[in-house]
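# An overview of the molecular structure
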Amino acid sequence: MDIGIKEIEHIANLSRITLTVEEKNTFAKQLTNILGYIEKLNELDTDEVQPMAYATSLKNVFREDKLKSSFSRQEILELSPSSTNGFFKVPKVIE
Amino acid sequence: MLSRELSANKIKEKIIKREITAQEVVEELFEWIDIKEPLIKAYLCLDKDGAVLKAKEIDKKLSNGDKVGLLAGVPVALKDNICTAGMKTTCASKILENFIPPYDAFVVKRIKEEDAIIIGKTNLDEFAMGSSNENSAFHITRNPWDTDCIPGGSGGGSAAAVTADMTFMALGSDTGGSVRQPSAFCGNVGCKPTYGRVSRYGLVAFASSLDQIGTVTKDVSDAALLLQVVSGHDGFDSTSAAIDVPNYISDIDSVDDNLRIGVPREFFGEGLNPEVGSAVMDALEIYKRNGAELVDLSLPHCGYAVATYYIIATAEASSNLARYDGVRYGHRSQLSEDNIIDMYSRVRAEGFGSEVKRRILFGNYVLSAGFYEAYYLKASKVRNLIRSDFEEAFKKVDCIICPTCPTQAFKIGEKITDPLQMYLSDIYTIPANLVGIPGISVPCGFTNAGLPIGLQILGKHFDEGKILKVAKLFENETDFHLKKPELN
């Protein structure tokens, strides 16, 4: 299967990354190449195989629902490239 | 022998015996770094002032006769994807170029508690995505054995720094070989513990089901020492294992009788450089002479590991890296934005390098509607087949030995335009991450070009003690780990 410019544009949108024309061309070619390589998995019959999500057999891990101290709002907001009046600042979201 | 050339265990002993002060160790080390760093470029940031301060603290403790930690006065470097409170943690990415974490990673807290001296943060492929260090947004680290060659990746900075005696030990992270492969290419000891053995709290996430923090050291005893300090359960990482940590340090010299070593055919086939192959065969002979039984075995699905890995790792990365949005921290575009989607897209276009973009795109492709079953689900199933291969093998053997990498370190620029060829350089290290088992790379020879060769020992889940012992046995019989590149 090929990944063309149309597919690249679609996944670039899903990925929230603006691509240049040159990047679209390069990535289309490279991802098609990688996709060709991973097609080799189809040589294997996996109908009866269970998927594996994790390397250890851990089940859900719970902790007590207790309130613990965390960072102050000030400390966290200082990391933000743009904040105002105790909030993160972003372009207008609601019309 | 110069003090910087000593192992961590040896320098610690000298510091504790007051034969040298921690401050002298740090100052001599920084003098050497000042001379060699322009050539090797292992670091993204150095903290001489902080290191000297900490060294003085430890010297004072010692002169007061106070108790000191397991890493008393030992300089340690950290891969720059491990969070350090008050010290920049960039992941070698423009998107985190000025990020200063408000907290220490679990491993950083642990080494500080044991009186280690953090000297700086080492270079990596951006977000640990790469096999050569060429994907760093800031500069390329060079292999101390041949500065025209890559040091490996993604933890090339840590590996080069240890080999060039620009630190005594280092921590890295290993998602597909990022500790073991650079250690093989630079000729030192790289250990990736079992998934869950070491808390990932404060390790910037790349692929959460594969990522594991590992050690980069000058010899196997140092690996045992550092692993001892960083292992153990942590409530802040729900995947960290609540399993007792054995005493790696004291167990390392005990001898195992009737050691059975598995030699997997699939790791000695097509694509293996003959010089690497013969060095590994020589190493196996050494084990045989020491009473080990070599067992020929097959891991039939390992040929599918790289394909499986690039689906799972990119899928997880596309999700993990969604957090870089320019809102809460990190890079924000200087261009004015009309809407939030454009803002995100511009932040990420400016902040991420090509390899990171490529992996996010590919990850979103394999997870996108209509493709999930064909790729991600398929890969998760093949991952289980690979796991079964190892499970079967470990019924017959105590550990598995194979090459760490199929080749020697390659030239800078050699594979950068062909991502698939780059991915294939991790062919022997990836299976351990998919399965979650521990692995260690130790130096086992040199190619005709004078570049190091790594021997990989893989063990059962939570059997780090065993692979350390097996590695130590080899080290006792050989002196490859003592060879130094000519940097003078």
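Refer to the preceding data block for the structure.
Quantities reported herein were computed from a predicted structural model and do not represent experimental measurements.

## What to know about the overall build of chain B
Per the secondary structure count, chain B includes 16 helices and eleven strands. Whereas a compact globule of 488 residues would reach a radius of gyration of roughly 23 Å, chain B reaches 21 Å, a difference of no more than 12%. Scored against the burial criterion, the 488 residues of chain B give a buried share of 61%. If you take every contact in chain B between residues at least 6 apart in sequence, the share linking residues at least 24 apart comes to 77%.

## A closer look at the overall build of chain A
On a plain count of helices and strands, chain A comes out with three helices and two strands. Each helix and strand of chain A, ordered N terminal to C terminal, gives the series α-α-α-β-β. Its C-alpha atoms give chain A a radius of gyration of 23 Å, more than 25% over the compact-globule value 12 Å for 95 residues. Viewed in the frame of its principal axes, chain A has a C-alpha envelope of about 55 × 45 × 25 Å. Across the 95 residues in chain A, those meeting the buried criterion constitute 15%.

## Some details on the interface of chain B and chain A
How large an interface is tends to be reported as the accessible area lost when its parts come together. Taken residue by residue, the interface counts 53 residues in chain B and 41 residues in chain A. Elements that contribute at least two residues to the side of chain B that touches chain A include exactly helix H10 (305–320), helix H11 (340–351), helix H12 (354–367), helix H13 (373–396) and helix H14 (419–424) of chain B. The element best represented in the side of chain B that touches chain A is H13(B), accounting for ten residues.

## A short note on the packing of helix H2 (residues 21–38) of chain A against H10(B)
The relative placement of two packed helices is expressed as an angle between their axes plus a distance between the axes. Packing of H2(A) against H10(B) brings their axes to within 9 Å, and their N-to-C directions diverge by 125 degrees. The angle between the axes of H2(A) and H10(B) places the two elements in the oblique class. On H10(B), the residues touching Ile34(A), Tyr37(A) and Ile38(A) of H2(A) are Ala307(B), Tyr310(B) and Ile311(B).

## Regarding H12(B)
For H12(B), which comprises 14 residues, the first-to-last C-alpha distance of 20 Å matches the rise-based estimate of 20 Å (1.5 Å per residue) to within 8%. Judged by how many residues are buried, H12(B) sits mostly within the fold: twelve of 14 residues are covered. Looking at H12(B), one finds that the buried residues are Glu355(B), Val356(B), Lys357(B), Arg358(B), Arg359(B), Ile360(B), Leu361(B), Phe362(B), Gly363(B), Asn364(B), Tyr365(B) and Val366(B). Residues of H12(B) that are buried in the fold lie against helix H1 (5–15) and H2 of chain A together with H10, H13 and H14 of chain B.

## So, the nonpolar core
By size, the foremost hydrophobic cluster in this structure holds 161 residues, and its most contacted members are Val74(B), Val76(B), Val107(B), Ile117(B) and Ile311(B). Considering every element that reaches this core, the biggest residue donor is H10(B), with ten residues.

## What about the pairing of strand E11 (residues 452–459) of chain B?
Residues and elements named next belong to chain B. Judged by how many residues are buried, E11 sits mostly within the fold: eight of eight residues are covered. With burial as the criterion, each face of E11 is covered, one bearing Pro-452, Gly-454, Gln-456 and Leu-458 and the other bearing Ile-453, Leu-455, Ile-457 and Gly-459. As defined by bridge partners, strand E9 (residues 399–403) adjoins E11 across five bridges and the pair is classed as antiparallel. Directly across from Cys-402, in E11, lies its bridge partner Gln-456. Pairing of strand E10 (residues 439–446) with E11, which is carried by seven bridges, proceeds in the antiparallel orientation.

## Quick notes on the packing of H10(B) against H13(B)
Residue and element names in this part refer to chain B. Two numbers describe how H10 lies on H13: the axes approach to 9 Å, and their chain directions differ by 130 degrees. In this view, H10 runs oblique relative to H13, as classed from their interaxial angle. You can see that H10 and H13 cross each other, and the crossing is left-handed. Each of Ala-305, Thr-308, Ile-311, Ile-312 and Ala-315 in H10 lies in contact with H13, whose residues at this interface are Tyr-375, Tyr-376, Ala-379, Val-382, Arg-383 and Ile-386.

## As for unusual backbone geometry
Residues and elements named next belong to chain B. Residue Ser-154 is bonded to the preceding Gly-153 through a cis peptide linkage, with omega at 5 degrees. Inspection of the secondary structure assignment puts Ser-154 in the loop between strand E3 (117–122) and helix H5 (156–163). Of note, Asp-165 is a non-glycine position whose phi angle comes to about 60 degrees, a positive value. By the secondary structure assignment, Asp-165 is in the loop between H5 and strand E4 (169–173). Of the residues examined, Asp-165 has 21 C-beta atoms within 10 Å and is grouped as buried.

## Overview of the sheet that holds E11(B)
Residues and elements named next belong to chain B. Strand order in the open sheet formed by eleven strands is E1-E3-E2-E4-E6-E5-E10-E11-E9-E7-E8, and the pairing between neighbours is mixed. Every interior strand has two partners, whereas the edge strands, strand E1 (43–46) and strand E8 (293–297), have only one. The mean angle between the axes of side-by-side strands here comes to 25 degrees, regardless of whether they run parallel or antiparallel. Against the sheet, helix H3 (residues 48–63) touches E1, strand E2 (75–79) and E3, its axis set at about 160 degrees to E3.

## Observations regarding the pairing of E3(B)
As a general feature of sheets, a regular strand has side chains that alternate between the two faces. Residue and element names in this part refer to chain B. Where burial is concerned, most of E3 is hidden: six out of the six residues are buried. Note that E1 and E3 share three bridges and pair antiparallel. Bridge pairing in E3 places Cys-45 opposite Lys-121. Summarising the sheet, E2 and E3 pair through five bridges and their orientation is parallel. Across the sheet, Ala-77 pairs through a bridge with Gly-120, a residue of E3. As a crossover connection, the stretch from E2 through helix H4 (residues 106–113) into E3 is right-handed.

The rules behind each value
Residues numbered from 1 in each chain as written. Chains lettered and ligands numbered in written order. Predicted model: local features only at pLDDT ≥ 70, side-chain atom pairs only at ≥ 80, totals over all residues. Helix = DSSP H or I, 4+ residues; strand = E, 2+ residues; numbered from the N terminus. Rg over C-alpha atoms; globule rule 2.2 N^0.38 Å. Buried ≥ 20, exposed ≤ 12 C-beta atoms within 10 Å, placed from the backbone. Contact = placed C-beta atoms within 7 Å. Axes fitted to C-alpha atoms, helices over the stretch in contact; angles between N-to-C directions. Parallel < 35°, antiparallel > 145°, perpendicular 65-115°, else oblique. Expected span 1.5 Å × (residues − 1). Core = buried A, V, L, I, M, F, W, Y, C linked by C-beta atoms within 7 Å. Pairing = 2+ DSSP bridges. Left-handed = near helix turned anticlockwise from the far one by under 90°. Right-handed = clockwise from strand over helix to strand, strands pointing away.

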